[in-house]
Amino acid sequence: QVQLVESGGELVQAGGSLRLSCAASRLTFSLYAMGWFRQAPGKEREFVSSINWRGDSTSYADSVKGRFTISRDNAKNTVYLRMNSLKSEDTAVYYCAARLRGEGPDTDRNAYNYWGQGTQVTVSS
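Trainee: Just checking my understanding: could you explain the overall build of the chain for this structure?
Mentor: The secondary structure content of the chain amounts to zero helices and 11 strands. Starting at the N terminus and ending at the C terminus, the chain contains elements arranged as β-β-β-β-β-β-β-β-β-β-β. Dimensions along the principal axes, computed over C-alpha positions, put the chain at roughly 40 × 25 × 25 Å. Counting only residues that meet the buried cut, the chain has 42% of its 125 residues in that class. In the chain, the share of contacts with a sequence separation of at least 24, taken over all contacts with a separation of at least 6, comes to 58%.

This is the structure in structure tokens:
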């Protein structure tokens, strides 16, 4: 079965940086647009960023624009999220997700076919 495995989450001080990775297996990675979502305690899961299958089109939530960068390596079946200038409000569990052929709105979590188990990012102020 399809697996998406996130890694890279940890405790970091405000202003610091992290790079999250999401390794995909048992799917044809290049057929899928990829997205990152996050969920803070007591809040809805929200869109963070997405990237198309070629890696030449990206989008970001306003709250992370200019600080986060999404990228992908189709040869390694991996998508990344580089997070700079982290703030306490970035604290959340971060999930990667795969959307077949990029169909549906990239901000809509219901448009995604597969999800990872999440990785915890904690930003201390």
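Okay, back to it.
Trainee: Would you mind showing me how to read the pattern of salt bridges here?
Mentor: Pairing between side chains of opposite charge can happen when their charged atoms approach one another. Within the structure shown, the criterion is met by six salt bridges. One salt bridge in this structure joins aspartate 56 and arginine 54, with 3.0 Å as the shortest N-O distance. No difference in accessibility class separates aspartate 56 from arginine 54, as the two residues are exposed. Of the charged contacts in the structure, one is a salt bridge between lysine 65 and aspartate 62, with a shortest N-O distance of 3.1 Å.

Trainee: Can you walk me through the packing of aromatic side chains in this structure?
Mentor: When we look at a pair of aromatic rings, we describe it by the centre distance and by the angle of the planes. A full pass over the atoms with the stated rule returns five aromatic pairs. Clustering of aromatic rings is evident, with ring pairs tying together Phe37, Phe47, Tyr112 and Trp115. Over the aromatic face of tyrosine 95 sits the side chain of arginine 45, whose NZ or CZ is 3.7 Å from the ring centroid. The residue whose ring lies beneath arginine 45 is tryptophan 115, and the NZ or CZ to ring-centre distance is 5.0 Å.

Trainee: Mind showing me how you'd approach the side chain of arginine 72 here?
Mentor: Secondary-structure assignment places arginine 72 in strand 7 (residues 68-73). For arginine 72, which is buried and forms no salt bridge, the nearest opposite charge comes from aspartate 73, at a distance of 8.2 Å. A polar side-chain atom of arginine 72 sits 3.0 Å from the main-chain carbonyl oxygen of phenylalanine 29. From its side chain, arginine 72 meets the backbone oxygen of tryptophan 53 in a polar contact 3.5 Å long. If we ignore the near neighbours within four places in the chain, the residues touching arginine 72 are Phe29, Ser30, Tyr32, Ala33, Met34, Ile51, Asn52, Trp53, Gly55, Thr78, Val79 and Tyr80.

Trainee: Looking at this structure, I do not really get the side chain of threonine 78. What am I missing?
Mentor: Note on placement: threonine 78 falls in strand 8 (residues 78-83). Overall, the relative accessible area of 8% leaves threonine 78 in the buried class. Of the polar contacts made by the side chain of threonine 78, one reaches the backbone oxygen of lysine 76; its length is 2.8 Å.

Trainee: Any chance you could explain unusual backbone geometry here in plain terms?
Mentor: Negative phi characterises most residues that are not glycine, and trans characterises most peptide bonds. Not every positive phi belongs to a glycine, and asparagine 77 is a case in point at roughly 55°. Residue placement: asparagine 77 occurs in the loop between strand 7 and strand 8. Note on asparagine 77: relative accessible area 25%, which makes it partly exposed. Although it is not a glycine, serine 85 sits at a positive phi angle of roughly 50°. Of note, serine 85 is situated in the loop between strand 8 and strand 9 (92-100).

Parameters at a glance
- Residues numbered from 1 in each chain as written.
- Predicted model: local features only at pLDDT ≥ 70, side-chain atom pairs only at ≥ 80, totals over all residues.
- Heavy atoms only, no water.
- Helix = DSSP H or I, 4+ residues; strand = E, 2+ residues; numbered from the N terminus.
- Buried < 20%, exposed > 50% of the residue type's maximum accessible area, 1.4 Å probe, protein only.
- Contact = heavy atoms within 4.5 Å.
- Salt bridge = Lys/Arg side-chain N within 4 Å of Asp/Glu carboxyl O.
- Phe/Tyr/Trp six-rings, centres within 6.5 Å; stacked < 30°, edge-to-face > 60°.
- Lys NZ or Arg CZ within 6 Å of the ring centre and 35° of its normal.
- Lys, Arg positive; Asp, Glu negative; His and termini not counted.
- Polar contact = N/O pair within 3.5 Å; in protein donor to acceptor, adjacent residues only side chain to side chain.

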